[in-house]
Amino acid sequence: MPLASPLLTDEQREAVRHGGGPALVIGGPGSGKTRTTVARYQHVVRELGLPPAGVVCTTPDRRAAERLRAYLATGESSAEVRPVETCQSLAERFLVEIRTARGEAADLHIVDGRRRQAVLRLLQIDWRHGDALDVLEVIRRRKAELLAPSDWLEILRRRDRSLSGGVAKRWFEACDVYFRYQEYLTAHALLDREDVLLQVVALLRQARSRSLWDRDLTHVIVDDAQHASLAELTFLQLLVGSSGVLWVAADDDQRLEEGAWQPTAHLREVLPALRCYRLTTGHRGATQVVEPALRLIRLNTHRTDKPLRPTRLHGKPPAVITFPDAVDEAAWVVQYLLDAHREGVAYRHLAVLARLPEPLTALHETLATAIPVDRIDVPDAWTHPIGAAYAAFVQIALDVDAGDAMTRVRLSPAARQRCRKAALEARGQPFAQIRIAARNHAAGGLEAGELTASLANELHLLEVVHGAARSFTDGTAFLQHVQERHQGPCGGEAGITLATFAGAAGREWPVVVIIAMEDGQVPYHRGGDLEAERRQLFLGLTRSRQVLNLSLARRRGGLARSPSSFFFDLGASVRRVQPDEGA
């Protein structure tokens, strides 16, 4: 993308032409940060003539890396474009090369996901203040802040008097878990993802280790840096060194993490020579959509001072539709999507978003085979182990293709054996009894397993599957429904998008529907950080280019719900309509 391209504004060209020293590009949704990042890479490689091997293009987020990689590959030869890496993968590669140069074992034995929970079980740690994921999240954040157990303990001792007794006790217990967890990893030569960054930061601070890396980096280009942790930003700063150029694009208002940490403020503090460029022209959303989002985010105390002037002037204020029940809401959404498609809007230009995946999973079941669907961060109840085990249980109990049923269940051999044994005991019963037995078996498996923060979502998936089974009186018809869901509709046609706010980051659609706009969902009752929840909604609102609809239900999951408190912040910038008025 040459600098003379009409696709670049004057603000973007100035950021692309940046000379020496560190640079920070701040821009709101639709202001062209990624486009500017791509142009910057092409500028330093093509027009400045720097070798691609000396330029690293990175992002903290995997999806953003894939998107940036696709943009860079457009119109470029494969020899000219270096792969875009996440900060994590770049750190892992750096650590392997340093270990190899020092003659040490280069293999990284990384524990992640459930293996980290297994470590806590081996240590017989009983975290009384929550589940295993709670304390592991605490440890992850301390490592992201470059705090070893001893460093965190010292901070807690200094703050002890400012904390209430119960809070102080909880934090000291978490610190003790951190000590024991880290000692186990060290004793068994294991690392978790955050340990990799801690180690490379320590190595880069040693001149001798830094000299072992034979790469002559002149530029590090970072996109979506608002998602970066302190450890990641420190790693990138040390990686490029004082002689190279660190060029960063970010928007703290679109950050998804909790807390007051701001990557842009950190960069300004540690890099006195930082040159700041602001992108203030919004090319994506209509004024009527962008203005309420900006009104919402201005209420945050820790936010980026960033005006945004939309260029799309024609549109309607976001519509707010209230339904008596979540079932009515889902029926309206399906009809709205079908009507929009009949009016010429392609399915790929339609998106349904929510703060949490549970309402989207239920909506996906309502859509069934009528509309093609692409999902982001939204589990499919039928391909999830819970749904697969439920369907396999029914198949075995009905003695229908039992052998093939078990091969599709993504469970451990012991769990598959329990499923088979229980289903065989239910054989010969009416379908109504079989589906109840299937639900009890799946729920019992959850209770017998490790209870994690994902348990609520898994129970919801189980209720979605069981609810679908209740609508059938014949087991064969139910299994036919399951098969149709696996095959998918419309033969591969690009479908509507179902996504959480976090999953929708970096993407936009002409028409967006945000569902479940109720307190407890938006803001999420377990979120804890109201400013982080406001950023989440800001991200969801700004995914729309032209049409934005917000819906809520007075009852969801059998419980009464109240409208989101964020509606008071949006004020008169949204219009209330009735379902039959059309949005």
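Data block above holds the structure.
Residues numbered from 1 in each chain as written. Predicted model: local features only at pLDDT ≥ 70, side-chain atom pairs only at ≥ 80, totals over all residues. Heavy atoms only, no water.

Comments concerning the overall build of the chain
Then, number 1: Helix and strand content of the chain: 23 helices and 19 strands.
Then, number 2: Taken across its 583 residues, the chain has 53% of its residues classed as buried.
Then, number 3: Expressed as a percentage of contacts within the chain between residues at least 6 apart in sequence, the contacts between residues at least 24 apart total 81%.
Then, number 4: When the accessible surface of the chain is summed, it comes to about 25800 Å², and 51% of that surface belongs to carbon and sulfur atoms. (Helix = DSSP H or I, 4+ residues; strand = E, 2+ residues; numbered from the N terminus. Buried < 20%, exposed > 50% of the residue type's maximum accessible area, 1.4 Å probe, protein only. Contact = heavy atoms within 4.5 Å. Areas by Shrake-Rupley, 256 points an atom, 1.4 Å probe, with all protein chains shown as cover.)

Some words on the sheet that holds strand 6 (residues 219-222)
Then, number 1: With respect to topology, six strands assemble into an open sheet ordered 3-2-6-7-1-8, the strand pairing being parallel. The open sheet is flanked by strand 3 (85-86) and strand 8 (275-279), the only strands paired with a single partner.
Then, number 2: Taken strand by strand, helix 2 (residues 33-47) contacts strand 1 (23-27), strand 2 (55-59), strand 6, strand 7 (245-250) and strand 8, and its axis lies near 160° from that of strand 7.
Then, number 3: Contacts from helix 11 (residues 230-240) reach strand 2, strand 6 and strand 7, with the element oriented near 150° to strand 7. (Pairing = 2+ DSSP bridges. Axes fitted to C-alpha atoms, helices over the stretch in contact; angles between N-to-C directions.)

With respect to helix 2
Then, number 1: The end-to-end C-alpha distance of helix 2 is 20 Å, a good match for the 21 Å that 15 residues give at a rise of 1.5 Å each.
Then, number 2: Most of helix 2 is tucked away, with 12 of its 15 residues classed as buried. (Expected span 1.5 Å × (residues − 1).)

Looking at the nonpolar core
Then, number 1: The biggest cluster of nonpolar side chains holds 35 residues, and the ones touching the most others in it are Val 220, Phe 235, Leu 236, Leu 246, Val 248 and Leu 267.
Then, number 2: Taken together, the elements giving at least two residues each to this core come down to strand 1, helix 4 (87-101), helix 9 (193-204), strand 6, helix 11 and strand 7.
Then, number 3: The contact partners of Val 248, leaving out residues within four places of it in the chain, are Ala 23, Leu 24, Val 25, Val 222, Ala 225 and Leu 267.
Then, number 4: Core analysis: the next-biggest nonpolar cluster, separate from the first, contains 29 residues, Val 289, Ala 293, Val 320 and Phe 501 among them. (Core = buried A, V, L, I, M, F, W, Y, C linked by side-chain atoms within 4.5 Å.)

Observations concerning the pattern of salt bridges
Close approach of charged atoms allows side chains with opposite charge to pair.
Then, number 1: One pass over the structure, following the stated rule, counts 28 salt bridges.
Then, number 2: Across the pair Glu 66 and Arg 62 runs a salt bridge whose closest N-O atoms are separated by 3.4 Å. On the criterion of helical spacing, the pair formed by Glu 66 and Arg 62 is a turn pair, its members being four residues apart in helix 3 (residues 62-73).
Then, number 3: In this structure, the salt-bridge partner of Asp 192 is Lys 143, at a minimum N-O distance of 2.8 Å. With Asp 192 in strand 5 (residues 191-192) and Lys 143 in helix 6 (residues 132-144), this pair connects stretches of sequence that are 49 residues apart. Like Lys 143, Asp 192 is buried. (Salt bridge = Lys/Arg side-chain N within 4 Å of Asp/Glu carboxyl O.)

A short note on the packing of aromatic side chains
Then, number 1: Under the counting rule described, the total for this entry stands at nine aromatic pairs.
Then, number 2: Judged by centre distance (6.0 Å) and plane angle (65°), the rings of Phe 472 and Phe 478 are edge-to-face. Grouping residues by exposure puts Phe 472 and Phe 478 together as buried.
Then, number 3: Site record: aromatic cluster; members linked through ring pairs are Trp 382, Tyr 390, Phe 431, Phe 472 and Phe 478.
Then, number 4: One Lys or Arg, Arg 142, reaches over the ring of Trp 152 and ends 5.1 Å from the middle of that ring. (Phe/Tyr/Trp six-rings, centres within 6.5 Å; stacked < 30°, edge-to-face > 60°. Lys NZ or Arg CZ within 6 Å of the ring centre and 35° of its normal.)

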